[in-house]
2 protein chains.
Amino acid sequence: MEKIARRKREHLAHRREILQAAERVFAAKGFFYTTMNEIAQVAEFGTGTLYNFFKSKEDLYFTLIDEKTDEINRLVKAELSQKTSAIERIKKILVLQLEFIERNRDFFRIYTSEGSRFEWAIKDDCGKKIHDKMVDYIQLLAKTFEQGMKEGELKRMNPLDLAHAFEGIVHSFIFEWLISPESYSLISKADTILGIFLKGTEKEERRK
Amino acid sequence: MEKIARRKREHLAHRREILQAAERVFAAKGFFYTTMNEIAQVAEFGTGTLYNFFKSKEDLYFTLIDEKTDEINRLVKAELSQKTSAIERIKKILVLQLEFIERNRDFFRIYTSEGSRFEWAIKDDCGKKIHDKMVDYIQLLAKTFEQGMKEGELKRMNPLDLAHAFEGIVHSFIFEWLISPESYSLISKADTILGIFLKGTEKEERRK
DNA sequence: ATTAAAAATGAATATATATTCATAATGTGA
DNA sequence: TCACATTATGAATATATATTCATTTTTAAT
């Protein structure tokens, strides 16, 4: 009798355990100050075992980022396929993103440290791949904004600029939440973010 | 006759040269992929010489960030001591910041990669010091916003949130500019940034 | 020119850790 | 139980580079 199916399941389970351990350690110490040994210990495997699953430390690291990035990208894409108004979608995307991050605090410590470092340090396919996904995501947002303009909900401006501005605001709130010692709900900031983004900060009666 | 004054001047000049070389290399490769040897070569000194000026690689790195950070902080503080309206000041700060970055592209590659990495990786005084300066800067902004609210120019909201949102937008534009292959003027984005921040993105006539 | 102090040097050292691989442990089917 | 295949292991290897320090070079005053 072939137990090959079970084998496969266990292999995947082990892989996942390693990825989870890596997530914990990388989040706490960053890529360079994390040792394979430490990850192995946290994962309760021998050091060499990691190399049966990932061909190098970088491979492990990028796989981790890559898979989680896909996860949230899928969520957002699903949302965007819904036929609602642009502003509704933006709200939904924002909430989705914040919820996801609240569930994946560790991962986002890694992700935000990545934003800048690797683009220019590593020309490997790995770093490239992650970067491309970031770009895709921004493009997706830009499309949504563009549609909002067409439908007359948003002011006409460069949709890419808008996407960057939006992600910028969101990231700064995420970042603040990540380093804050007191734990508050990130989602509670959704209205603030949306308010600033849509309505601006200048007092209304001042406008002509 | 004592030529000690000249000695001092030359010492400082050498120090500056090393810092400039370090800036170039760190910006291109990041902290970990940069070697002291390489910095020494770019600076046209022997490897050991660097250690007559800085006690370690980290010391060199943090000194670099620290001094440049002070430089821009001084500029901003000088601006804030002027007695103009809050919105005027915000405009000025924004332009100052963008101009400074345009003049210090390399430095900001380093600075933006730092934002996240070291807070949690290094508990040394060095990292702490930089972080504290970032916090100070945000506080400064927050104060300005608060004043804007008191004077009725800005909507009432949490001034810290506002400061984060502002820096978030600005950073995303800087980041985009840094990685963009075509070189455009960063300052040309000032109006876009200010527009989004003050007026928001929702089309006016939609508002009740 | 002589000398002593200061500064620069880069080869040698010390260390850290990613990766490998010979071996052990475990699982599988007969 | 046995033989085989697969997987796990961690000590040993290989490498890279931050840092040191004995030596050389430069400086400045006499």
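Note that the structure is a prediction, hence the values are computed from the model and not measured. (Residues numbered from 1 in each chain as written. Chains lettered and ligands numbered in written order. Predicted model: local features only at pLDDT ≥ 70, side-chain atom pairs only at ≥ 80, totals over all residues. Heavy atoms only, no water.)

Peer 1: Could you give me a rundown of the packing of aromatic side chains, with the residues and numbers involved?
Peer 2: Where two aromatic rings form a pair, the distance of their centres and the angle of their planes describe that pair. Applying the stated criterion across every chain yields a total of 27 aromatic pairs over all chains. Ring centres of Y33 of chain A and F32 of chain B lie 5.2 Å apart, and the angle between their planes is 80°; this geometry places the pair in the edge-to-face category. In this pair, Y33 of chain A is assigned in helix α1 (residues 4–33) and F32 of chain B in helix α1 (residues 4–33), connecting two distinct chains. Above the plane of the ring of Y184 of chain A lies K189 of chain A, whose end atom (NZ or CZ) is 5.7 Å from the centre. It is R105 of chain B that lies over the ring of W177 of chain B; its NZ or CZ is 4.3 Å from the centre. (Phe/Tyr/Trp six-rings, centres within 6.5 Å; stacked < 30°, edge-to-face > 60°. Helix = DSSP H or I, 4+ residues; strand = E, 2+ residues; numbered from the N terminus. Lys NZ or Arg CZ within 6 Å of the ring centre and 35° of its normal.)

Peer 1: Tell me what's going on with the environment of T144 of chain A, and back it up with residues and numbers.
Peer 2: Residues and elements named next belong to chain A. Residue placement: T144 occurs in helix α7 (residues 125–150). Under the relative-accessibility criterion, T144 is labelled buried at 4%. Sequence separation between T144 and L160 is 16 residues, and the spatial gap between their C-alpha atoms is 10 Å. Ignoring sequence-local partners within four residues, the contact set of T144 consists of L80, A86, R89 and I90. (Buried < 20%, exposed > 50% of the residue type's maximum accessible area, 1.4 Å probe, protein only. Contact = heavy atoms within 4.5 Å.)

Peer 1: A description of the pattern of salt bridges should follow, citing residues and the corresponding values.
Peer 2: All told, the structure shown has 20 salt bridges over all chains when counted by the stated rule. Across the pair R15 of chain A and E67 of chain A runs a salt bridge, and its minimum N-O distance is 2.1 Å. Residue R15 of chain A is found in helix α1, and its partner E67 of chain A is found in helix α4 (residues 57–80); the two are separated by 52 residues along the sequence. Ionic pairing is found between K189 of chain B and D161 of chain A, a salt bridge with its closest N-O pair at 3.2 Å. Within this pair, whereas K189 of chain B is found in the loop between α8 (159–179) and α9 (190–199), its partner D161 of chain A is found in helix α8 (residues 159–179), the two belonging to separate chains. Salt bridges sharing common partners tie together D66, D70, K129 and K133 of chain A. (Salt bridge = Lys/Arg side-chain N within 4 Å of Asp/Glu carboxyl O.)

Peer 1: Quick rundown of the side chain of T112 of chain A? Include the residues and the values.
Peer 2: As for its position among the elements, T112 of chain A is in helix α6 (residues 105–121). Within the structure, T112 of chain A has its side chain in polar contact with the backbone oxygen of R109 of chain A (distance 3.4 Å). (Polar contact = N/O pair within 3.5 Å; in protein donor to acceptor, adjacent residues only side chain to side chain.)

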